[in-house]
Amino acid sequence: MLLLYAVRMVRTGFERASGSALRRTIGKASSGPLSGAVSGMLVAILLQSATAVAILAAGFATSGFITTASGLAVLLGADLGSALVVQFLVFDLSWLIPVLLAAGAWLFLKIEARMAKQAGRIMIGIALILLSLQMIGEATAPLKEARFMPQVAGYLAEDASTALAVGALLAFLLHSSVATVLMVAAFVQQAGLSMEAAVPLVLGANVGAGLVAIWLTRGMDRKAKLLPLGNFVFRTVGAVAVLLAVSAIENPFAGIDAEPALLIVAVHVLFNVLLVVCCLPLTKPLAWLVEKVVPEDRRAEGEARLMPQSALDQRVVGNPRLALASATRELLRMGELVEAMTRPIVIMLEKGSPEEITGLQLMDRNVNAIHSAIKLYIAEVNRGELTADQAERSMELVSFAVNLERAGDLVAKNLLEQALELHQRKISFPAGAERIGTDA
């Protein structure tokens, strides 16, 4: 649990320190599969989680700013980045624990600057990761002498499919392939788990990590679900292929002079390198396949997401309490539309296509329609008998609707027009503009 908490702590620190920059890095994946894989790898190294990258990429796919093929390239790179994190953490870095704890705690507790606090959080998290690995190693060391350990290790070594399933289940329960592989490496190093049993466990951990992303995106729309599904196919097919290849070779690790923990992590990294090399050219065919397999929604996705049935219930106009509640729900829907228009503004200014920009501008018509409907509905409600609080509340709702309508106009007629002009004139922001905006 300390290991899981520490990994989350590091991820939270990077998200709070530079979350917008990380999201923009993933948003640039559409420029090509190789750049997508590199961006996914870099973000996964910082967040120490390929699953976190999968959720970010799924959000971009939902908004239509990256294609399924580009998203799959990002996820392949994220898998490799997560494996490289394990490669770094498996080394003996116990001497860093007191240094990181002291420096991290001082930054977090004594410095008021936001970036310094998050840097301290990250350093404390890394120190706790190293400390938890020490604790796992000490706890598993006695297992080497346990009577049942040879039987367990022997069974897993002889039944590779079961070992793969166990590794997948463990990664799914922990929701972290990094933690799972590190635990397997600790068992190999301290408890005497054989490589024949450990390799299927690590391959299973890669499969289980793919299941985690599918589970976490189950409530999102179709476009978001395609990415983790495609990545899961890549991981599963790759894991089964490598497992069959290793099983066909007698004593594949004989003669390799390396520490068992380092060797098992090297296998994990090599597996993800092979996935990138072999699967990156196949992102478009697999994207086409998963798009065919997963059925389309009955209604258009954007319409179903952004324009559900109006919450303005004419049947309760005579009941001010219920009518104002209906108007509040409709106002929230209006706010969601304005948010959906505003969220991708930075990407539109950088590299939005005319079709994407125009599509966002058209959403302003829906905002205006809801604005008019709310004002008419409130006017009808005000014809009845309202208490002083209800009358004040009705005016507040109208004021909110007016402000949201103005915000929608600013986005559609100002910012998006600027984005369209930048595209037409082929003007782009200079390098470093993001840094200036962040500091400001």
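Quick notes on the rules
Residues numbered from 1 in each chain as written. Predicted model: local features only at pLDDT ≥ 70, side-chain atom pairs only at ≥ 80, totals over all residues. Heavy atoms only, no water. Helix = DSSP H or I, 4+ residues; strand = E, 2+ residues; numbered from the N terminus. Buried < 20%, exposed > 50% of the residue type's maximum accessible area, 1.4 Å probe, protein only. Salt bridge = Lys/Arg side-chain N within 4 Å of Asp/Glu carboxyl O. Core = buried A, V, L, I, M, F, W, Y, C linked by side-chain atoms within 4.5 Å. Contact = heavy atoms within 4.5 Å. Disulfide = S-S within 2.5 Å. Phe/Tyr/Trp six-rings, centres within 6.5 Å; stacked < 30°, edge-to-face > 60°. Lys NZ or Arg CZ within 6 Å of the ring centre and 35° of its normal. 1 Å grid on protein atoms, 1.4 Å probe; cavity = no way out; pocket = protein on both sides within 12 Å on 5 of 7 lines; lining within 4 Å. Points joined across faces, edges and corners; volume = space filled by probe spheres on them. Nonpolar A, V, L, I, M, F, W, Y, C, P; charged D, E, K, R; others polar. Axes fitted to C-alpha atoms, helices over the stretch in contact; angles between N-to-C directions. Left-handed = near helix turned anticlockwise from the far one by under 90°. Parallel < 35°, antiparallel > 145°, perpendicular 65-115°, else oblique. pLDDT = per-residue confidence, 0-100. Polar contact = N/O pair within 3.5 Å; in protein donor to acceptor, adjacent residues only side chain to side chain.

**A look at the side chain of Thr180**
Its place among the elements puts Thr180 in helix H9 (residues 177–190). On the basis of relative accessible area, Thr180 is assigned to the buried category, the value being 0%.

**Some details on the pattern of salt bridges**
All chains considered together, the criterion is met by six salt bridges. Note that Glu396 and Arg393 form a salt bridge whose closest N and O atoms lie 3.6 Å from each other. With a gap of three residues between them, Glu396 and Arg393 both fall in helix H18 (residues 388–424), about one helical turn apart. Relative accessible area serves as the criterion here: at 34%, Glu396 is assigned to the partly exposed category. Exposure remark for Arg393: the relative accessible area of 30% places this residue in the partly exposed category.

**Re the nonpolar core**
The biggest cluster of nonpolar side chains holds 125 residues, and the ones touching the most others in it are Leu3, Leu89, Ile129, Ile264, Val265, Ile374 and Tyr377. For this core, the element with the highest residue contribution is helix H4 (residues 68–89), accounting for 12 residues. Filtering out sequence-adjacent residues up to four positions away, Tyr377 remains in contact with Leu312, Asp313, Gln314, Val316, Val317, Ala323, Ser326 and Ala327.

**Section: the state of the cysteines**
In total, this model carries zero disulfides according to the counting rule given. Cys279 supplies the cysteine sulfur nearest to Cys278, a cysteine that is in no disulfide, at a spacing of 6.2 Å.

**Remarks on the packing of aromatic side chains**
All chains considered together, the criterion is met by one aromatic pair. Cation over ring: Lys117 sits above Phe108, and NZ or CZ is 5.2 Å from the ring centre.

**Some points on the layout of surface pockets**
If a probe as big as a water molecule is rolled over the atoms, it shows which places are left empty. Roughly 440 Å³ of internal volume is contained in the second largest pocket. Lining the second largest pocket we find 19 residues, and of these Val90, Phe91, Asp92, Leu133 and Gln134 sit closest to its centre. Listed by contribution, the elements that provide at least two residues to the lining of the second largest pocket are helix H6 (114–140), H9 and helix H12 (260–279). A class-by-class count of the residues in the lining of the second largest pocket yields 12 nonpolar, five polar and two charged.

**With respect to the packing of H9 against H12**
When two helices pack together, their arrangement is given by the angle between their axes and by how far apart the axes lie. The N-to-C vectors of H9 and H12 enclose an angle of 145 degrees; their axes lie 8 Å apart at closest approach. Handedness of the H9/H12 crossing: right-handed. Residues Val181, Val184, Ala185, Val188 and Gln189 of H9 pack against Pro260, Ala261, Ile264, Val265 and His268 of H12. A breakdown of the residues in the contact of H9 with H12 according to their chemical character gives eight nonpolar, two polar and no charged.

**Focus: the packing of H9 against helix H10 (residues 195–216)**
It is the contact of H9 with H10, at a shortest axis distance of 9 Å, that shows an interaxial angle of 170 degrees. The orientation of H9 relative to H10 falls into the category roughly antiparallel. Between H9, through Ser177, Thr180, Val181, Val184 and Val188, and H10, the contact on the second element is made entirely by Met195, Ala198, Leu201, Val202, Ala205 and Ala209. For the contact of H9 with H10, a count of residues per class yields nine nonpolar, two polar and no charged.

**Some remarks on the side chain of Thr12**
Residue placement: Thr12 occurs in helix H1 (residues 2–27). The exposure class assigned to Thr12 is buried, which follows from its relative accessible area of 17%. Once you skip the residues sitting within four places of it in the chain, Thr12 turns out to touch Gln118 and Arg121.

**Some details on empty space enclosed by the protein**
According to the stated counting rule, one finds one cavity of 30 Å³ or more in the structure shown. Approximately 120 Å³ is the volume found for the largest cavity. For the largest cavity, the lining is made up of 17 residues, of which Ser49, Ala50, Thr51, Ala209 and Arg235 are closest to its centre. Of all the elements in the fold, those that place two or more residues in the lining of the largest cavity are helix H3 (50–63), H4, H9, H10 and helix H11 (222–248). In terms of residues, the lining of the largest cavity owes the most to one element, H4, which gives four residues. A breakdown of the residues in the lining of the largest cavity according to their chemical character gives seven nonpolar, eight polar and two charged.

**Examining the confidence of the model for the protein**
Confidence along the protein averages 80 in pLDDT terms, with 85% of residues attaining 70 or more. In the model of the protein, helix H19 (residues 433–439) stands out as the element of lowest mean pLDDT, 44, in contrast to helix H5 (residues 96–110), which has the highest, 90. The model gives residues 298–307 a pLDDT under 50, and that stretch makes 16 contacts with residues more than four places away or in other chains. When the criterion is pLDDT under 50, residues 432–440 qualifies, and its contacts beyond four places in sequence or with other chains add up to two contacts.

**Notes on the environment of Leu376**
Among the structural elements, Leu376 can be located in helix H17 (residues 354–381). Linking Leu376 and Val398, residues 22 residues apart in sequence, is a C-alpha distance of 9.7 Å.

**Focus on the environment of Leu404**
Residue position: Leu404 is located in helix H18. Taking the relative accessible area as the measure of exposure, Leu404 reaches 21% and is therefore partly exposed. For the pair Leu404 and His371, spaced 33 residues apart in sequence, the C-alpha to C-alpha distance is 8.2 Å.

**Regarding the environment of Thr217**
Tracing the backbone through its elements, the reader meets Thr217 in the loop between H10 and H11. For Thr217, a relative accessible area of 2% translates into the label buried. With 162 residues separating them along the chain, Thr217 and Ile55 place their C-alpha atoms 7.1 Å apart. In this structure Thr217 touches Ile55, Ala58, Ala224, Lys225 and Pro228, once residues within four positions along its chain are discounted. Within the structure, the side chain of Thr217 is placed 2.8 Å from the backbone oxygen of Ala213, a separation counted as a polar contact. Only 3.3 Å separates the side chain of Thr217 from the backbone oxygen of Ile214, close enough to count as a polar contact.

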